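A closer look at the structure
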Amino acid sequence: MRNHSTDITMSDDDFSKLRAIVHRNTGITIGETRKTMLVSRLRRRLREVDEPSFAAYITRLSKDPGEMQELTDRVTTNETYFYRTPRVWNYFQEVFLPEFHAIGENRRMRVWSAAASTGEEAHTIGAILEQQRLTKPGFDYSVLGTDVSSRVLEVAQKGVYNGRSIARFRKERPELFASHMAGSDADGYKAVPPVRARLKFKLHNLLERLGGTSPFDVVFLRNVLIYFTDEDQETILRHVRDLIRPDGVLFIGESETLNNLSTGFEQVAPIIYRPVTRAGGPCA
Ligand SMILES: C[S@@+](CC[C@H](N)C(=O)[O-])C[C@H]1O[C@@H](n2cnc3c(N)ncnc32)[C@H](O)[C@@H]1O
């Protein structure tokens, strides 16, 4: 071991190079005041790969594409939990689902949990839609969770949850939790097999088009837009607009808004958007 990583300092030049590398690869804009955060997140990585300085680590990043994924895993913020922001789920269940059933096309509902992190949102969707499947003959669904960090997707794929991650869901929707999550406090809880069979997780950078998929009825794009510039948010929203059905719905995070962006979506309630139709109004 060549260094005691707590002694390593990051020069302003290293900081601006790392910010540029992160932005180029993920679109995430690290604020100018966030150097301490970046140092604390990367020090341990320098120790693991035995690099003596941030300058040496930057050189390593240019030669080793696998290290870019490690950097992405460390700079992303992955906070999430089941049943986050209940009014989103209320709209989904009380407005969108009845509308979807009323159309009566009997097609499979397709949901995208974009920036899915460790999968709690996708699993919440799974539990709600599994309940529909069991009570509405002919209804079926699939949920795709995507994220730019491979580390969080591994957790999502294992799908074992406990503690704070499930606490709110368990308290506010005990019947859904009991019916569609199985396990114990000691070993953790996993979605039941029919839910797991309908969830898929995939690596994807929101700044790129998501290929190989048909349009979605519902897109959850929550608590991720805050990390991007307005221009990058518009790029992301353009990709989402291309992949959402005209009668679909988009949910964003509680501290986010699309109001100052040009996106092709219209707000129907705070943080809830529908695509604008050619006639000019939301397709509701
Ligand atoms: C705070 S979590 C949000 C999780 C969940 N959507 C929620 O609201 O609870 C933000 C997630 O966005 C992901 N992310 C950041 N930049 C991304 C990008 N360019 N493409 C896809 N995912 C990204 C991060 O890896 C992280 O898991």
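Residues numbered from 1 in each chain as written. Predicted model: local features only at pLDDT ≥ 70, side-chain atom pairs only at ≥ 80, totals over all residues. Heavy atoms only, no water.

Re the pairing of strand 1 (residues 109-114)
Counting buried residues in strand 1 gives 5 out of 6 residues, a clear majority hidden from the surface. Judged from the 6 bridges that link them, strand 1 and strand 2 (residues 141-147) form a sheet pairing that is parallel. Looking at strand 2, one finds that Trp112 is bridged to Leu144. Tracing the backbone out of strand 1, into helix 6 (residues 120-135) and back to the parallel element strand 2 gives a crossover that is right-handed. Pairing between strand 1 and strand 6 (residues 216-221): 4 bridges, direction parallel. (Buried < 20%, exposed > 50% of the residue type's maximum accessible area, 1.4 Å probe, protein only. Helix = DSSP H or I, 4+ residues; strand = E, 2+ residues; numbered from the N terminus. Pairing = 2+ DSSP bridges. Right-handed = clockwise from strand over helix to strand, strands pointing away.)

Points about the site of the ligand
If you check the shell around the ligand, you find 21 residues, and the closest are Thr26, Thr80, Arg84, Asp147 and Asn223. The contact in question runs from a nitrogen atom of the ligand to an N or O atom on the backbone of Ala115, over 2.8 Å. For the ligand, the accessible surface in isolation is 600 Å², of which the surrounding protein chains cover 99%. In terms of residue class, the shell around the ligand is built from 6 nonpolar, 10 polar and 5 charged. (Near = heavy atom within 4 Å. Polar contact = N/O pair within 3.5 Å; in protein donor to acceptor, adjacent residues only side chain to side chain. Areas by Shrake-Rupley, 256 points an atom, 1.4 Å probe, with all protein chains shown as cover. Nonpolar A, V, L, I, M, F, W, Y, C, P; charged D, E, K, R; others polar.)

With respect to the pattern of salt bridges
Opposite charge on two side chains allows them to pair when their charged atoms are near. Evaluation of the coordinates by the stated rule reveals 22 salt bridges. Note that Asp140 and Arg198 form a salt bridge whose closest N and O atoms lie 2.7 Å from each other. Here the residue Asp140 occupies a position in the loop between helix 6 and strand 2, and Arg198 occupies one in the loop between helix 10 (193-196) and strand 5 (199-203), the gap between them amounting to 58 residues. A single burial state applies to Asp140 and to Arg198, both of which are buried. When the shortest N-O distance is used, the salt bridge between Asp217 and Arg245 registers 3.4 Å. Taken together, the residues Asp217 in strand 6 and Arg245 in strand 7 (residues 244-252) connect sequence positions 28 residues apart. The class for Asp217 is buried, based on a relative accessible area of 1%. Classification of Arg245 by relative accessible area gives partly exposed; the value is 23%. A single salt-bridge network, built from bridges that share partners, covers Arg45, Glu48, Glu67, Glu70 and Arg74. (Salt bridge = Lys/Arg side-chain N within 4 Å of Asp/Glu carboxyl O.)

Quick look at the nonpolar core
Counting 84 residues, the largest nonpolar core has Phe92, Met109, Trp112, Leu221 and Leu250 as its most contacted members. Top element by residues in this core is helix 5 (residues 86-103). It accounts for 7 residues. When near neighbours in sequence (up to four residues on either side) are disregarded, Met109 contacts Phe92, Phe96, Leu97, Phe100, Leu129, Phe139, Asp140, Tyr141, Ser142, Asp217 and Val218. (Core = buried A, V, L, I, M, F, W, Y, C linked by side-chain atoms within 4.5 Å. Contact = heavy atoms within 4.5 Å.)

Thoughts on the packing of helix 2 (residues 35-48) against helix 4 (residues 65-75)
Look at helix 2 against helix 4: their axes get within 10 Å of each other, and the N-to-C directions meet at 145°. Between helix 2 and helix 4 the crossing geometry is right-handed. On the side of helix 2, the interface is formed by Leu38, Arg41, Leu42, Arg45 and Glu48, while helix 4 contributes Glu67, Glu70, Leu71, Arg74 and Val75. Its residues assigned to classes, the contact of helix 2 with helix 4 comprises 4 nonpolar, no polar and 6 charged. (Axes fitted to C-alpha atoms, helices over the stretch in contact; angles between N-to-C directions. Left-handed = near helix turned anticlockwise from the far one by under 90°.)

Concerning the packing of helix 1 (residues 12-26) against helix 2
The contact between helix 1 and helix 2 brings their axes to 11 Å, and the two run at 80°. Our classification of the angle between helix 1 and helix 2 gives roughly perpendicular. Touching Asp12, Phe15 and Leu18 of helix 1 are Lys35, Leu38 and Leu42, all from helix 2. Split into classes, the residues belonging to the contact of helix 1 with helix 2 amount to 4 nonpolar, no polar and 2 charged. (Parallel < 35°, antiparallel > 145°, perpendicular 65-115°, else oblique.)

With respect to unusual backbone geometry
The phi dihedral of Ser117 is positive, around 55°, even though this residue is not glycine. Mapped onto the secondary structure, Ser117 falls in the loop between strand 1 and helix 6. Given the relative accessible area of 5%, Ser117 is considered buried. The phi angle at Ile271 is positive, at roughly 65°, despite the residue not being glycine. As for its placement among the helices and strands, Ile271 is situated in the loop between strand 8 (265-269) and strand 9 (272-275). What makes Ile271 buried here is its relative accessible area of 5%.

What to know about helix 1
With 15 residues, helix 1 extends 21 Å between its outermost C-alpha atoms, agreeing within 8% with the 21 Å of an ideal straight helix rising 1.5 Å per residue. Listed as buried for helix 1 are Asp14, Phe15, Leu18, Ile21, Val22 and Thr26. The arc that holds the buried residues of helix 1, viewed along the axis, is 130°, so those residues lie on one side. In helix 1, the exposed positions that point more than 90 degrees away from the buried face belong to Asp12 and Arg24. Once helix 1 finishes, Gly27 follows within two positions and takes phi at roughly 85°, a positive value. (Expected span 1.5 Å × (residues − 1). Arc of directions from axis to C-beta.)

Read these as geometric descriptors, not functional statements.
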